[in-house]
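Spelled out, the chains give:
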Amino acid sequence: MIPGMNAKQMKKMERQMKKMGMDMKELKNVKEVIIRLEDKELVIPNADVSMMNVMGQETYQVSGKAHEVEIEQELIIPEEDIEMVANQARVSAEEAEKALIESEGDLAEAILKLSQ
């Protein structure tokens, strides 16, 4: 349901939309909607969700109060970086990987830390 519309207005709008080849329906029992961004998630609990189908193209309308959740980024260290740090600092691959994790993937910082 669109906020601010009464049931009679909604039915009239639905009839007009059907004439134009549009179909709109409300999704029932939605527990939450999660929108994942690169560095965070927007979580909308108990969201009101409507789906509109226009000539095969589905569009969703989400209404509700969202709250942000920060995403902890997993650090992925390429094998080549580990080898390069190990060779430059003359240490084992395990030591190089540990130094890269501690320096959050910064090659120069890892090499300096291991060379001291």
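Our structure's up above, just so we're on the same page.
Keep in mind that this is a model prediction, so the values were computed, not measured. (Residues numbered from 1 in each chain as written. Predicted model: local features only at pLDDT ≥ 70, side-chain atom pairs only at ≥ 80, totals over all residues. Heavy atoms only, no water.)

Undergrad: Could you give me a rundown of the overall build of the protein chain, with the residues and numbers involved?
TA: In terms of regular secondary structure, the protein chain is built from 4 helices and 6 strands. When the helices and strands of the protein chain are read in sequence order from the N terminus, they spell out α-β-β-β-β-β-β-α-α-α. Over its C-alpha atoms the protein chain spans a radius of gyration of 26 Å, topping by over 25% the 13 Å that the globule rule assigns to 116 residues. Dimensions of the protein chain along its principal axes, counting C-alpha atoms only, are 75 × 30 × 20 Å. (Helix = DSSP H or I, 4+ residues; strand = E, 2+ residues; numbered from the N terminus. Rg over C-alpha atoms; globule rule 2.2 N^0.38 Å.)

Undergrad: An account of the packing of helix α3 (residues 93-102) against helix α4 (residues 107-115) is needed here, citing residue identities and associated values.
TA: Axis separation between α3 and α4 bottoms out at 8 Å; the angle between their running directions is 125 degrees. Judged on the interaxial angle alone, α4 and α3 are oblique. For the pair α3 and α4, the sense of crossing is right-handed. Here E95, A96, A99, L100 and E102 of α3 lie close against α4, whose contacting residues are L107, A110, K113 and L114. In the contact of α3 with α4, the residues fall into 6 nonpolar, no polar and 3 charged. (Axes fitted to C-alpha atoms, helices over the stretch in contact; angles between N-to-C directions. Parallel < 35°, antiparallel > 145°, perpendicular 65-115°, else oblique. Left-handed = near helix turned anticlockwise from the far one by under 90°. Contact = heavy atoms within 4.5 Å. Nonpolar A, V, L, I, M, F, W, Y, C, P; charged D, E, K, R; others polar.)

Undergrad: Give a description of α3 that names residues and reports values.
TA: Among all positions of α3, only A96, A99 and L100 are buried. End-on view of α3: buried residues confined to an arc of 100 degrees, all on one side of the axis. In α3, those exposed residues whose orientation departs by more than 90 degrees from the buried face are E94 and K98. A positive backbone phi angle near 55 degrees is found at E104, which sits one or two residues after α3. (Buried < 20%, exposed > 50% of the residue type's maximum accessible area, 1.4 Å probe, protein only. Arc of directions from axis to C-beta.)

Undergrad: I'd like to hear about the sheet that holds strand β1 (residues 22-27), residue by residue, with values.
TA: For sheets, the rule is that strands pair by backbone hydrogen bonds, running either parallel or antiparallel. Here 3 strands make up an open sheet; going across it, the order is β1-β4-β5 and the pairing antiparallel. Each edge of the open sheet carries a strand with a single partner, namely β1 and β5 (57-63). Between one strand and the next, the sheet's axes are offset by a mean angle of 20 degrees, whatever the strand orientation. Against the sheet, helix α1 (residues 7-19) touches β1 and β4 (48-54), its axis set at about 140 degrees to β1. (Pairing = 2+ DSSP bridges.)

Undergrad: How would you explain the pairing of β4 if you had to name every residue and give the values?
TA: Where β1 meets β4, 6 bridges bridge the pair, whose relative direction is antiparallel. Among the inter-strand pairings, L27 is bridged to a residue of β4, identified as V49. Sheet analysis places β4 next to β5, joined by 7 bridges and oriented antiparallel. Among the inter-strand pairings, D48 is bridged to a residue of β5, identified as S63.

Just distances and angles here, no functional claims.
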